[in-house]
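Survey of secondary and tertiary structure
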Amino acid sequence: MEEVTYMTQGTCAKAIHFTRSDDGRISGIRFDGGCNGNLKAISKLCEGMTAAEIAAKLRGNTCGAKATSCADQLARAVMQQI
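What you see is a predicted model, and the numbers here were worked out from it, not measured in a lab. Along each chain, residue indices are assigned from 1 in the same order as the chain's sequence is written. Confidence filtering applies because this is a predicted model: local features only for residues at pLDDT of at least 70, side-chain atom pairs given and counted only at 80 or more, and all residues used for totals across whole chains, interfaces and linings. As a convention, hydrogens and water are excluded, and side-chain values are obtained from all of the structure's heavy atoms.

**Description of the nonpolar core**
Formally: For the purposes of this section, nonpolar cores are sets of buried Ala, Val, Leu, Ile, Met, Phe, Trp, Tyr and Cys residues that join through side-chain atoms within 4.5 Å. Any residue under 20% of the maximum accessible area for its type is buried, any over 50% is exposed, and the rest in between are partly exposed; the area is computed with a 1.4 Å probe on protein chains only. Only DSSP runs of H or I covering at least 4 residues are called helices, and only runs of E covering at least 2 are called strands; the numbering of each starts at the N terminus. Any two residues whose heavy atoms approach within 4.5 Å at even a single point are treated as in contact.
Residues F18, I29, F31, C46, I54, L58 and L74 are the most contacted members of the largest nonpolar core, which totals 22 residues. Per-element tally for this core: the top contributor is helix α3 (residues 70–79), with six residues. When near neighbours in sequence (up to four residues on either side) are disregarded, C46 contacts I26, I29, I54, L58 and L74.

**Here's the deal with helix α1 (residues 36–46)**
The following threshold applies: To be clear, the arc concerns the directions from the helix axis to the C-beta atoms.
Every buried residue of α1 is accounted for by L39, I42, S43 and C46. All buried residues of α1 project into a common sector of 100° when viewed along the axis, lining one side. For α1, the exposed residues set more than 90 degrees away from the buried face come down to G37, K44 and L45. Those residues of α1 that are buried lie in contact with β3 (26–32), α2 (51–58) and α3. A positive backbone phi angle near 85° is found at G48, which sits one or two residues after α1.

See below:
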């Protein structure tokens, strides 16, 4: 298992932490900053998914007028680990 820290860009959350298992499953997702309740929900919903599954659901999601979101940043983070 590999612990990963991804520094976000363009979001209220400053970093995302998660573990990638040998079979490619993502777990233990935690955000530094951002909308606490929403990010806890995203973390629970994505627990145990593969990077591709997470990216398929969250990639391209935006927040207000921003070109990205914490969810989009999570998708980018996990895809870098493939």
